[in-house]
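Structural characterization, general
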Protein chains: 2
Amino acid sequence: MTAQRRLTPAAFEDVQFDGGVLGTRRETNRTVSLMDQYTKCKSSGRIDALDLTKKGIPRHRFWDSDVAKWVEAASYSLSTHPDKRLAAKVNEVADLFVAAQQPDGYINSYFTAEEPENRWTNLAGMHELYQAGHMMEAAVAHQKATGRREFLDAVRKFADYIGTVFGRGKGRKRGYPGHQEIELALVKLYRVTGEKRYLTLSKYFVDERGRKPFYFYEEAAKREKEDHYNRENMGLQDYAILQADRPVREMSDARGHAVRALYLYSAMADLAGETDDAELLGACRRLWESVTKRQMYLTGGVGQQRVFEGFDVDFSLANDTAYAETCAAISLIFFAHRMLQIDPRGEYADVMERALYNGVLSGVSLDGEKYFYANPLAVRAGVNMAAHHADTGKLYERAAWFGCACCPSNLGRLLASLGQYVYSTEPKAAWVHLYAAGSGKLDLAGKAVTLRQKTHYPWDEKIRITVNVDAPTNFALHLRIPGWCRKHNLKVNGRGIQAAVTKGYAAVQRAWRDGDVLELTLSMPIERIVAHPQVASDGGKVALQRGPIVYCLEQCDHNANVHGILLPDSAKLTARYEKDLLGGCVTISGKGVAPVTAEWKQALYHRADEASLKPTNIKAVPYALWCNRTPGYMTVWISRIPGK
Amino acid sequence: MTAQRRLTPAAFEDVQFDGGVLGTRRETNRTVSLMDQYTKCKSSGRIDALDLTKKGIPRHRFWDSDVAKWVEAASYSLSTHPDKRLAAKVNEVADLFVAAQQPDGYINSYFTAEEPENRWTNLAGMHELYQAGHMMEAAVAHQKATGRREFLDAVRKFADYIGTVFGRGKGRKRGYPGHQEIELALVKLYRVTGEKRYLTLSKYFVDERGRKPFYFYEEAAKREKEDHYNRENMGLQDYAILQADRPVREMSDARGHAVRALYLYSAMADLAGETDDAELLGACRRLWESVTKRQMYLTGGVGQQRVFEGFDVDFSLANDTAYAETCAAISLIFFAHRMLQIDPRGEYADVMERALYNGVLSGVSLDGEKYFYANPLAVRAGVNMAAHHADTGKLYERAAWFGCACCPSNLGRLLASLGQYVYSTEPKAAWVHLYAAGSGKLDLAGKAVTLRQKTHYPWDEKIRITVNVDAPTNFALHLRIPGWCRKHNLKVNGRGIQAAVTKGYAAVQRAWRDGDVLELTLSMPIERIVAHPQVASDGGKVALQRGPIVYCLEQCDHNANVHGILLPDSAKLTARYEKDLLGGCVTISGKGVAPVTAEWKQALYHRADEASLKPTNIKAVPYALWCNRTPGYMTVWISRIPGK
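Residues numbered from 1 in each chain as written. Chains lettered and ligands numbered in written order. Predicted model: local features only at pLDDT ≥ 70, side-chain atom pairs only at ≥ 80, totals over all residues. Heavy atoms only, no water.

On to the overall build of chain A, then. A count of helical and extended segments in chain A gives 17 helices and 24 strands. For 644 residues, the compact-globule estimate of 2.2 N^0.38 gives 26 Å, and the C-alpha radius of gyration of chain A, at 25 Å, lies within 12% of that figure. C-alpha atoms of chain A, sized along the principal axes, occupy 75 × 75 × 50 Å. Within chain A, residue pairs in contact and separated by at least 24 positions form 71% of the contacts whose partners lie at least 6 positions apart. Entry remark: accessible area of chain A is about 22500 Å², with carbon and sulfur atoms responsible for 49%. (Helix = DSSP H or I, 4+ residues; strand = E, 2+ residues; numbered from the N terminus. Rg over C-alpha atoms; globule rule 2.2 N^0.38 Å. Contact = heavy atoms within 4.5 Å. Areas by Shrake-Rupley, 256 points an atom, 1.4 Å probe, with all protein chains shown as cover.)

All names here are of chain A. Examined against the element boundaries, Thr450 turns out to sit in strand β7 (residues 447-455). Residue Thr450 is classed as buried on the basis of its relative accessible area, which comes to 14%. Setting aside residues no more than four positions away along its own chain, Thr450 makes contact with Ser439, Gly440, Lys441, Thr466, Val467 and Asn468. (Buried < 20%, exposed > 50% of the residue type's maximum accessible area, 1.4 Å probe, protein only.)

Between the two copies, chain A and chain B, the superposition gives an RMSD of 0.0 Å; the rotation angle is 180 degrees and the shift along the axis is 0.0 Å. On the angle and the small slide along the axis, the relation comes out as a two-fold axis. Residues of chain A ranked by C-alpha distance from the rotation axis are headed by Ile641(A), positioned 2.7 Å from it. Both copies share a contact surface, since 100% of the interface residues of chain A are interface residues in chain B too. (Least-squares fit on C-alpha atoms with pLDDT ≥ 70 in both.)

For the rest of this paragraph, the subject is the packing of aromatic side chains. Within the structure shown, the criterion is met by 58 aromatic pairs over all chains. Taken together, a centroid distance of 5.1 Å and an interplanar angle of 15 degrees make the contact between Phe97(B) and Phe151(B) stacked. Of this pair, Phe97(B) sits in helix α4 (residues 84-99) while Phe151(B) sits in helix α8 (residues 150-165); the two residues are 54 residues apart in sequence, bridging distant segments of the chain. The same class applies to Phe97(B) as to Phe151(B), namely buried. A centroid spacing of 5.1 Å and a plane angle of 25 degrees characterise the contact between Phe372(B) and Trp626(B), whose relative ring orientation is stacked. Residue Phe372(B) is located in the loop between α16 (346-360) and β3 (378-379), and its partner Trp626(B) is located in the loop between β22 (613-622) and β23 (634-635); the two are separated by 254 residues in the primary sequence. Overall, the relative accessible area of 0% leaves Phe372(B) in the buried class. Each residue in the set Tyr106(A), Trp120(A), Phe158(A), Tyr161(A), Phe166(A), Tyr204(A) and Phe205(A) is aromatic and connected to the rest through ring pairs, giving one cluster. Over the face of the ring belonging to Tyr106(A) we find Arg119(A), whose NZ or CZ atom lies 3.7 Å from the ring centre. The side chain of Arg510(B) reaches across the aromatic face of Trp512(B), ending 5.3 Å from its centre. (Phe/Tyr/Trp six-rings, centres within 6.5 Å; stacked < 30°, edge-to-face > 60°. Lys NZ or Arg CZ within 6 Å of the ring centre and 35° of its normal.)

Before going further, it helps to examine the pattern of salt bridges. Two side chains carrying opposite charge are able to pair once their charged atoms lie near each other. Residues and elements named next belong to chain A. Scanning the entire structure with this criterion turns up 107 salt bridges over all chains. With its nearest N and O atoms 2.8 Å apart, the salt bridge here joins Glu27 to Arg30. Within this pair, Glu27 and its partner Arg30 are both found in helix α1 (residues 20-43), separated by three residues, close to a single helical turn. Across the pair Asp66 and Arg46 runs a salt bridge, and its minimum N-O distance is 2.8 Å. Placement of Asp66 in helix α3 (residues 63-80) and of Arg46 in helix α2 (residues 46-50) is noted, with a sequence separation of 20 residues between them. On the basis of relative accessible area, Arg46 is assigned to the buried category, the value being 2%. (Salt bridge = Lys/Arg side-chain N within 4 Å of Asp/Glu carboxyl O.)

Let us now look at unusual backbone geometry. The linkage connecting Tyr457(A) with the following residue, Pro458(A), adopts the cis geometry, with an omega of 5 degrees. Phi is positive for His127(A), which is not a glycine, with a value near 65 degrees. Assessed through its relative accessible area of 8%, His127(A) is described here as buried. With phi around 50 degrees, Gln243(B) is a residue other than glycine that occupies positive phi space.

Taken together, the six strands give an open sheet; going across it, the order is β1-β4-β5-β9-β13-β12 (chain B), and neighbouring strands pair in mixed fashion. The open sheet has two free edges, formed respectively by β1 (8-9) and β12 (501-502) of chain B, since each of these has just one partner strand. (Pairing = 2+ DSSP bridges.)

Before going further, it helps to examine the confidence of the model for chain A. All names here are of chain A. When pLDDT is averaged across chain A, the result is 95; 96% of the residues are at 70 or more. In this model, residues 386-390 is a region of pLDDT below 50 whose contacts with residues beyond four sequence positions or in other chains number 18 contacts. Among the scores for the predicted complex, ipTM is 0.95 and pTM is 0.96. (pLDDT = per-residue confidence, 0-100.)

With that out of the way, let us pick up the domain arrangement of chain A. All names here are of chain A. Here chain A is partitioned into domain 1 (17-421), domain 2 (423-522) and domain 3 (526-641). A straight line from the C-alpha centre of domain 2 to that of domain 3 covers 36 Å. On the domain 3 side, the residues contacting the five residues of domain 2 number 12 residues. Per-residue buried area on domain 2 facing domain 3 is highest for Pro458, Trp459 and Trp484; these three make up 83% of the total on that side. In this structure, the connection of domain 2 to domain 3 is made through one salt bridge. A salt bridge links Arg486 to Glu527, with the nearest nitrogen and oxygen atoms 2.7 Å apart. (Domains from an automatic or database assignment. Buried area = accessible area lost by both parts, 1.4 Å probe.)

This brings us to the environment of Val508(A). All names here are of chain A. With respect to the helices and strands, Val508 occurs in strand β13 (residues 505-512). Classification of Val508 as buried rests on a relative accessible area of 6%. As for Val508 and Val492, which are separated by 16 residues in sequence, their C-alpha atoms are 9.1 Å apart. Apart from the residues lying within four places of it in its own chain, the contact partners of Val508 are Phe475, Ala476, Leu477, Leu479, Leu490, Val492, Ile497, Ala499 and Leu518.

Here the focus is the packing of helix α3 (residues 63-80) of chain B against helix α17 (residues 406-416) of chain B. Residues and elements named next belong to chain B. Where α3 contacts α17, the two axes come as close as 8 Å, and the packing angle between them is 20 degrees. The orientation of α3 with respect to α17, classified from their angle, is roughly parallel. The two elements α3 and α17 meet at a crossing, and its hand is left-handed. Counting all contacts with α3, which are made through Asp66, Lys69, Trp70, Glu72, Ala73, Tyr76 and Ser77, the residues of α17 involved are Cys406, Ser409, Asn410, Gly412, Arg413 and Ala416. (Axes fitted to C-alpha atoms, helices over the stretch in contact; angles between N-to-C directions. Parallel < 35°, antiparallel > 145°, perpendicular 65-115°, else oblique. Left-handed = near helix turned anticlockwise from the far one by under 90°.)

Our focus in this paragraph is the pairing of strand β14 (residues 516-522) of chain B. Residues and elements named next belong to chain B. With six of its seven residues buried, β14 lies for the most part within the structure. Relative to β14, strand β8 (residues 462-469) is paired through six bridges, and the arrangement is antiparallel. Of the residues in β14, the one forming a bridge with Arg464 is Glu519. With five bridges connecting them, strand β10 (residues 488-492) and β14 associate as antiparallel partners. Bridging from a neighbouring strand, Val492 pairs with Leu518 of β14.

All right, on to the interface of chain A and chain B then. At the interface, 73 residues of chain A touch 73 residues of chain B. For the chain A and chain B pair, buried surface summed over both sides reaches about 5800 Å², with 59% attributable to carbon and sulfur atoms. Its largest share of buried area at the contact with chain B, chain A owes to Leu604(A), Tyr605(A) and Arg607(A), together 14% of the area lost on that side. The interface formed by chain A and chain B includes six salt bridges. Between Asp609(B) and Arg486(A) there is a salt bridge, with the nearest N and O atoms lying 3.1 Å from each other. Looking at the side of chain A that touches chain B, the elements with two or more residues in it are α14 (278-294), β15 (526-531), β21 (605-607) and β24 (638-641) of chain A. It is β15(A) that contributes the most residues to the side of chain A that touches chain B, five residues altogether. Grouping the constituent residues of the side of chain A that touches chain B by class yields 36 nonpolar, 22 polar and 15 charged. (Nonpolar A, V, L, I, M, F, W, Y, C, P; charged D, E, K, R; others polar.)

Printed below as a string of structure tokens:
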């Protein structure tokens, strides 16, 4: 079986959005968040820190990566929407990276200014290779957006230098990063430059990882001073947090820090696809199953717990203490997207869509200026371990910025490059993974095909796709039939057709003529969802989903405490588009029952037969949109009353 | 209104138990746990640390308190059950305390050996006054049990010395303990010695607490070296953890470290009762409401969270992350018992009984050798923040011992002195607070009254009390009618009587003759309990209770995951005494429904209408007895299907 990458994602520059959820969010990202993030990087000292001519200012071991990710995000945006003011900022920052480069190629503002003697002595904790990876991704994007080569040349020189430091050759360090990222960045660099050595270096980092003797142990033993990361007694559990407890090809369970894990798995998929490595793809598949079949929240959030921002154990999916870092959901999209190109199965696109519309978009406020780091599925009175603080009495809300500010610019780069997730191509086929108003110009082995989507998806079930070709073109149009959809309907030029659905995609093969119209209806009734019986935290509960959208109850829409509401299976639920609510969205209404606080007075516990349940109106809003009004309690999972 | 203490608790030495839950647990405590705790104190170095002639051995700032509490516990046991082997150990340890005393009266093995220059420089963190309090309680018990005065004399000298160090007088430190305890110990010392200065010193510590300028800030500023407790930037939140953010008379909400809080409240009740201080009693009442009406688990567990082992906010009562330290439930009994003597209301005894039979007895295994520090109300797969560790994949279990070993000896001293909680007296009245097979010799203003209880309570609803008097004696017998009891029945010498129930007690006033028999029936059907609508974690759920016993579902009794079981309100539940199970207990059986794991295969989420619920047998066991078989999942709260 081949592991070769089969599909090619569309270039995001060739995909346009016409409003809709994705288009609107991308637009807010472009017009608000990107400058907002620049301003906060600037005011927090992250950009000045990069300027090595400035002395005596604070610098931090992973600030460079925040700035690099912002350059990457802003460059993507410049590629689709030229913007002189933004371009000036981007170039200014790219120049700082170039200026910070040392004669041997090294770039790292913290080590160069603060601890030049300690370069590469603490890979486990100091994020040097992680930062290098983000610089490479930024430089690739910057060159593509601006045509300027300086930053790209600088990171190539950096990568070449790294290649002289690390590897199995004599005198080299057999190290690998404590926080993965450079592995997938090197694949990008390889794709842009065609230089195979970058692919080889990526493969080295991936395959060296977790071998014995453990590099992180060896390097810690060599360091003289004690520091936070110098754990001579690091045990297997600690290596597992860094996915460094065993070789990656032997992994079956996703464990440890979630973002590191998913960046690693993404790189593994990249390498499997580039080098036709079926064994490596096998490991990717096992890890995919572990993440998505045993450890993923309904929202696509992953990494259940905050102790080490990571995975927990199978079926441990607590809602109120859910960590589900925004970056982790984004990384899951990276992984899903790579797997999808190798092996186009609906389940990869399903997860990609689930994470995008729910656990990723929840990460940023509608106004584009506030962010979630953790994305819990329930908020209640009291200590919320997800909330990165243990303040009592404070309800969880989005923050304007973070000390560890990885999530905002990760959202920035995902949203600015969103187009690539919508379509893929093969020489004689086009694939539609996501439905969104807009258009994509695709290149089918030299033949230009434009697909124009007209739809109110995800609020509406109808999608109308117009095909534009220069001349009649024979190709297969693969349309994703989402896993959540029980009934779909297809028409070409007004006439119903039958198209076999294989692995989640309906293929319509024909000689397409310019102006052909395909109408797809994806039936999206409101569904009550239950979780696997081993998920303790969702026992006896249902969640509401309609199409790809997961819903929640927010306290501001309810009289009864949302956590006390019970929803009968028999209760009729109604979906309604509310154009003035939360930027326009479909809400779900119905009637449940709930206890009445006013009846309780001075008792904490009552006999059930002495406490009444009264009918109460329920109104559910999309999870991604919660906390854009009055902060309050929230729950995705609702107690269920089974029975017709 | 008077705040004077009205009732006098029975001397525990005069109360006997004839088997039953309390008698059996007390017997295991006496025959197993006390020597077990001595052995572990010895092998962990705690006892050697007290011997100042030993040099170069490990010592710890609060080890003395563990040993003192063990002396207290063992002394209580010696008072009821002489035991030469135990007495030898107790005297050996008491002698070590006496030998450790410095010429000025100071006793503290850690500071004397390790940091003599830092005595009293860090009251917030170093537990010197806390340890002193436990020595006082131990010495009082030791003198009473053995008649030997040396230890008591030593702690009196220590207390007198403390009185010269602290206070409002010139040259004294205006300090108070970071961990309360000495306050209630000084009241005990006052009661035994009659020396009012101990009461005055206690009152000083209580009333000085939380005044501005904050002593803990001032002392931290004075220390030169930085240490864990030296937080110059301590904020109001940090003072609140130590109940030192405001004067105690202004407190209304129980906040901060739960054991510290409840030791403080107990001392406040002691002082209110001794000095007829209505204002202080008012604060106690407000704090009682805060603890028991807004922050107490159904099991009587308190202190919801582990961040600072403390209270959280109102109605925050998460089950899986419940901390509910064993010591905190014990401290709640101390507080309840003191309030009950001042103002005999059933609600105080109800809480005392609830905590005792559930959240306290859960703290020790049936074999008497393993302990819970935290007492969660649910155990599931994954990280359990209550468990004092973040090991993934490890299910929560009792431990043989702890680095911070406060709970075992606290259980030891409670169980060894259990008799005092059963009865109280007034000159012309006897009060029965707890029902348990056994007898109590009471002294009603010089008149001897013995009450003999024959009952299988808490498993059975019938209690037969025989009154023994030397001559016919007129007194009121106050019998507690528990808050959980909806219907009771009283007979004297076989004839039904009506007795008014006032504040939870039925009073039977008569000229009692020797051999009079009172039969009390406390109807105890199985009850489904619901929590206040604002308790998010119990939303849509019921718990099972029968009499004072709270039940739970343990995984080893169930096929379905206990967290997925739903219990219809209409399901018939049956109570059955099983003599061979868990030392003999009443279990509750019935039929619920649950999803079937085998049906699920490879999906984490399903549509509700595609996943079936099948009937499943439910068997609930007393919460206090959980984790005495195969460790596994557990839940007190069960998803409910409302409706007749």
